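Structural features, examined
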Amino acid sequence: MTLSTFFRSKGLGLLAWLAGIVFFLPIAWMALTSFHSEADAATNPPSFAASLTLDGYRDFFGADGGASPWPALINSTVASLVATLLVLLLALPAAYALSIRRVRKWTDVLFFFLSTKMLPVVAGLLPIYLFAKNTGLLDNIWLLVILYTSMNLPIAVWMMQSFLAEVPVAVIEAAQIDGARLPTVLTRVVAPIALPGIAATALICFIFSWNELLFARVLTGVVAQTAPVFLTGFITSQGLFLAKVCAASLVISLPVLAAGFAAQDKLVQGLSLGAVK
């Protein structure tokens, strides 16, 4: 290794560490603020040496008579998990038809999926609200499941199409010669090979569903309220709420962080599929 190559590699490593620290600092600041009292959290500049307390978490979990966050957390979990599962069930055969057994004009199909994401979300808010109102689906968690599935399906098909394109066709043909039908090929041949890509797709769809706020804010009330909507209730025009909001944000972010940490190896493998031939 030459001296210039050594310094170039060390410089890239240092740059990666600096980028990681920059992205981590807001999360660390939020976590530290969540353990401060409201008076200490509101100081400018922030007081890093202030005493620590769990008052923000007590307020979030309704210890002082406030609303309990558990219904909202359960609603977000149900909507995100069910929508992600439906997306995978629909995207896998669609990606198979667009990558391995390609349909006619498959590039036009992919462009159509991409074009559905070009419409601003707010442009479809009023028609969806009127539809939900006329069908009695307002404040219904299953309406959010349908919306999250339809919103994430184009992205999932695009991602999984590139992942499934790396599956060897010879393996699929060998399974078909042995008498395997399409459901067996998808579940026992294609899915295990493309598992890192499927895991990456599932994680991204779960994150998008968990973090969605606009439709959940407009279409839900009390029964189907999700965690991001519950979080906005802590922001008021009067009083101090910074420590409480930081505590709530940290708790609500934990499922996404835990899912990302648990699937980090699959996520890296999945996102790097097809990068090197």
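Below: a short report on this structure.

Basis of the calculations
Per chain, the residues get numbers from 1 upward, laid out in the order the sequence is written. Reporting of local features is limited, given that this is a predicted model, to residues whose pLDDT is at least 70; pairs of side-chain atoms are given and counted only at 80 or more, and all residues count toward the totals for whole chains, interfaces and linings. Water and hydrogen atoms were dropped before computing side-chain values, which therefore reflect all heavy atoms in the structure. Helix and strand definitions follow DSSP, with helices as H or I runs of at least four residues and strands as E runs of at least two, each counted in order from the N terminus. A simple rule labels every residue: compare its accessible area, found with a 1.4 Å probe on the protein chains alone, to the largest value its type can have, and call it buried under 20%, exposed over 50%, or partly exposed in between. All accessible-area figures derive from a Shrake-Rupley calculation using a 1.4 Å probe, and residue coverage is judged against the displayed protein chains alone. Ring geometry is summarised as follows: Phe, Tyr and Trp rings, the Trp one being its six-membered ring, pair when their centres sit within 6.5 Å, and such pairs are stacked at plane angles under 30 degrees, edge-to-face over 60 and tilted between the two. Working definition of a nonpolar core: buried Ala, Val, Leu, Ile, Met, Phe, Trp, Tyr and Cys residues. They are joined through side-chain atoms within 4.5 Å. Contacts are residue-level and defined by heavy atoms, with any inter-residue pair within 4.5 Å sufficient. Think of a salt bridge as a Lys or Arg side-chain nitrogen and an Asp or Glu carboxyl oxygen that are within 4 Å of each other. In this analysis, the expected span of each helix is defined as 1.5 Å times one less than the number of residues it contains. To obtain the bend at a residue, axes are fitted to the seven residues ending there and to the seven starting there, and the angle between these axes is taken. All axes here are fitted lines through C-alpha atoms, helices being fitted over the stretch that makes contact, and every angle between N-to-C directions spans 0 to 180 degrees. Oblique is the label for any angle not under 35 degrees, not over 145, and not in the 65 to 115 range, which are roughly parallel, roughly antiparallel and roughly perpendicular in turn. By convention the crossing between two helices is left-handed if the near helix lies anticlockwise of the far one by an angle smaller than a right angle, and right-handed if it lies clockwise. Here the term charged refers only to Asp, Glu, Lys and Arg, the term nonpolar to Ala, Val, Leu, Ile, Met, Phe, Trp, Tyr, Cys and Pro, and the term polar to all other amino acids, Gly among them. Excluding any residue in a salt bridge, patches collect residues exceeding 30% relative accessible area, merging like charges within 9 Å and nonpolar Val, Leu, Ile, Met, Phe, Trp and Tyr side chains within 5 Å.

Along the backbone of the chain there are 14 helices and 0 strands. In sequence order, the secondary structure elements of the chain are arranged as α-α-α-α-α-α-α-α-α-α-α-α-α-α. Dimensions along the principal axes, computed over C-alpha positions, put the chain at roughly 70 × 70 × 30 Å. With 277 residues in all, the chain has 36% of them scored as buried. Looking at the chain as shown, the accessible area adds up to about 16,100 Å², and 71% of this sits on carbon and sulfur atoms.

As a further point, take the packing of aromatic side chains. Summed over all chains, the structure comprises 7 aromatic pairs. With a centroid separation of 5.3 Å and 85° between ring planes, the pair formed by Phe230 and Phe234 is classed as edge-to-face. You can call Phe230 buried: its relative accessible area is 10%. A relative accessible area of 12% means that Phe234 is categorised as buried.

Here the focus is the nonpolar core. One finds Tyr96, Leu164, Ile172 and Val190 to be the most contacted residues of the largest nonpolar core, which totals 30 residues. Listing elements by their share of this core, those giving two or more residues are α4 (70-99), α5 (106-115), α7 (141-164), α8 (169-177), α9 (182-193) and α10 (195-211). In this structure Val190 touches Leu92, Tyr96, Ile100, Leu164, Val167, Ile172 and Val185, once residues within four positions along its chain are discounted. Ranked by size, the runner-up nonpolar core spans 18 residues in total, among them Tyr57, Phe230, Leu231 and Leu250.

Our focus in this paragraph is the pattern of salt bridges. Considering all chains together, one arrives at 1 salt bridge under this definition. Asp55 is the partner of Arg58 in a salt bridge, and the nearest nitrogen-oxygen pair spans 2.7 Å. With Arg58 and Asp55 both in helix α3 (residues 55-60) and 3 residues apart, the pair spans about one turn of that helix.

Let us look at helix α13 (residues 242-262). Between its terminal C-alpha atoms α13 stretches 30 Å, which fits the 30 Å expected from 21 residues at 1.5 Å a residue. Of all the bends in α13, the greatest reaches close to 40° and is centred on Leu254; the proline Pro255 follows between one and four positions later. Listed as buried for α13 are Ala243, Val245, Cys246, Ala247, Ala248, Ser249, Leu250, Val251, Ile252, Val256 and Gly260.

Their axes nearest at 11 Å, the elements α8 and α9 cross at an angle of 160°. As the angle between them shows, α8 and α9 are arranged roughly antiparallel. In terms of crossing hand, the pair formed by α8 and α9 is right-handed. Taken together, the residues of α9 that come into contact with α8 (itself represented by Val171, Ile172, Ala175 and Gln176) are Val185, Val189, Val190 and Ile193. Residue composition of the contact of α8 with α9, grouped by class: 7 nonpolar, 1 polar and no charged.

Here we take up a nonpolar patch on the surface. Taken together, the side chains of Leu14, Trp17, Leu18, Ile21 and Leu25 make up a nonpolar region of the molecular surface, amounting to roughly 570 Å² of accessible area. Mapped onto the fold, Leu18 is located in helix α1 (residues 3-34). Leu18 gets classed as partly exposed once you look at its relative accessible area, which sits at 45%.

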